[in-house]
Amino acid sequence: MAKEFDVVVIGAGPAGYVAAIRAAQLGMTVACIDDWKNEQGGPAPGGTCTNVGCIPSKALLQSSENFEHAGHAFAEHGIGVKGLTLDVGQMQARKQNVVKQNNDGILYLFKKNKVTFFHGRGAFSKKLDQRYEVAVSGPGEDAISAKHVIVATGSTPRALPSAPFDEQMILSNTGALALAQVPKRLGVIGAGVIGVEMGSVWRRLGADVTVLEALPTFLGTVDQQVAKEAHKQFAKQGLAIHLGVKIGEIAVGKNDVTVNYVDDKGVSQKEVFDKLIVSIGRLPNTAGLNGDALGLRLDERGFVDVDGDCKANLPNVWAIGDVVRGPMLAHKGEEEGVAVAERIAGQHGHVDFNTIPWVIYTAPEIAWVGKTEEQLKAANVAYRAGSFPFLANGRARALGDTTGFVKFLADAKTDEILGVHIIGTTASELISEAVVAMAFRASSEDIARICHAHPSLSEAVKEAALAVDGRALNV
């Protein structure tokens, strides 16, 4: 007989494990199924984010940034480094230890919150009277049932049809994070978040990196004033970024990969790389879910079709995170997970898509929330803008990194903050103030009137808010 629960969550990535924990906190009996394995074959909950995404990439970004600082920036501080060496094996070992700490942390949280964990692959089996039976295959073979099922199976990297991933020569994010040595020549197809982050890591460690992007603009979803500054900084660092290209034949040799493409001027080009990262987006992961057997509806792009509350077309079936519409961001999935658990419990869970922050963890970091200037213009929204450069910020000078600026966009009539865009050091941390402000529908004047610690990078946020009214104090 199948083990019975109130809620079964399929997937233990950021969306799934958070949904499971919140449901358990609300008094429900909860099971969570996940098939990620560590190197020993044991459970590795956390999904793509923890295992081959957010967490390991930030570990390598930090290591590579430390290496670059030691080699280039420490001298300015009077710190001499002789005989600088690079041990990629140790760097990878540290990364894996960071990943394991997060895996173990999730397992601990399941135990603490009395969430029953099943290590295996979850799939719909059949519809019972008022419940669903879910089969667990793999290391933890079992059958369980629940009144509510939350699908949180995440996404998978999209491959080029002519160049499938082998994770040896043609790499997805998984292979890009696991290189045993620094490639001399590294190609990246796709100048999105993953592409520029991974390109930045290996460029800092010594690779000659070329990025090929099909779109005519760099970071098209980013406010273009920020994107242009980012492009300038990345080019200055040594990233070769080619926009508006059309990828042609890709030939994999024994020790290299040849990419033929047409550049933005219509001229045929050829590049030869030691490794090639393909980062052209991600696809919802519904393979093996067996939802079609019960009539689970997918949309035209393969995402689970849900309404505004994350309800699927089947009664008491929900879907969250990368497998549904909206940005593929871990924190967006977490918010949906909490909201769905609360809706199941009869509460009013809420997710505001307008105040979800975005971050690109390059150097300089890029972070934003709300509308870009281009979006406001396209919607004919009257607005005022104010910006402040880190060059005029005392703490940034002391840190030795004055790259970038903070930019505010506010409604021309009401002064409500419509968007905040930051490029510079620790932008990922500074953006949170803007998220809070927008969640409370604050005005730029509200931020301008709040006392910020001195000296701090956050003063640039206040100064940009002041600049909306043309009264920045330090520029």
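Here, the structure is the one placed above.
Below is a summary of the structure that appears in this document. All values derive from a computational prediction rather than experimental measurement.

**Side note on the sheet that holds strand β14 (residues 268-273)**
One open sheet accounts for 3 strands, arranged β12-β13-β14; its pairing is antiparallel. Two strands in the sheet have a free side with no partner beyond their single neighbour: β12 (246-252) and β14. Neighbour to neighbour, the strand axes of the sheet diverge by 20 degrees on average, direction disregarded. As defined by bridge partners, strand β13 (residues 257-262) adjoins β14 across 6 bridges and the pair is classed as antiparallel. Note that in β14 the partner of Tyr-261 across the bridge is Gln-269.

**As for a nonpolar patch on the surface**
A contiguous nonpolar patch, built from Ile-79, Val-81 and Leu-84 and spanning about 230 Å² of accessible area, is present on the exposed surface. If you trace the backbone, Leu-84 turns up in the loop between α3 (54-73) and α4 (88-112).

**Here's the deal with unusual backbone geometry**
With an omega of 5 degrees, the peptide bond running from Ala-363 to Pro-364 counts as cis. Mapped onto the secondary structure, Pro-364 falls in the loop between β18 (358-360) and β19 (365-370). One non-glycine residue, Glu-167, lies in the positive phi region at around 60 degrees. The residue Thr-426 is not glycine, and still its phi comes out positive at about 55 degrees. By secondary structure assignment, the location of Thr-426 is in the loop between β22 (417-424) and α11 (427-439).

**Thoughts on the sheet that holds strand β21 (residues 405-411)**
A sheet is described by the order of its strands in space; here 5 strands give the open sequence β18-β19-β22-β21-β20, paired in antiparallel fashion. Unpaired on one side and paired on the other, β18 and β20 (383-389) mark the two borders of the sheet. When the angles between neighbouring strand axes are averaged without regard to direction, this sheet yields 10 degrees. Summarising the sheet, β20 and β21 pair through 7 bridges and their orientation is antiparallel. Residue pairing across strands places Ser-387 opposite Lys-407, the latter belonging to β21. Along the sheet, α11 makes contact with β18, β19 and β22, crossing β19 at roughly 10 degrees. Seen against the sheet, helix α13 (residues 459-468) touches β20 and β21 and runs at an angle of roughly 140 degrees to β20.

Calculation rules
Residues numbered from 1 in each chain as written. Predicted model: local features only at pLDDT ≥ 70, side-chain atom pairs only at ≥ 80, totals over all residues. Heavy atoms only, no water. Pairing = 2+ DSSP bridges. Helix = DSSP H or I, 4+ residues; strand = E, 2+ residues; numbered from the N terminus. Axes fitted to C-alpha atoms, helices over the stretch in contact; angles between N-to-C directions. Patch = residues over 30% accessible without salt bridge, like charges linked within 9 Å, V, L, I, M, F, W, Y side chains within 5 Å. Areas by Shrake-Rupley, 256 points an atom, 1.4 Å probe, with all protein chains shown as cover. Salt bridge = Lys/Arg side-chain N within 4 Å of Asp/Glu carboxyl O. Contact = heavy atoms within 4.5 Å.

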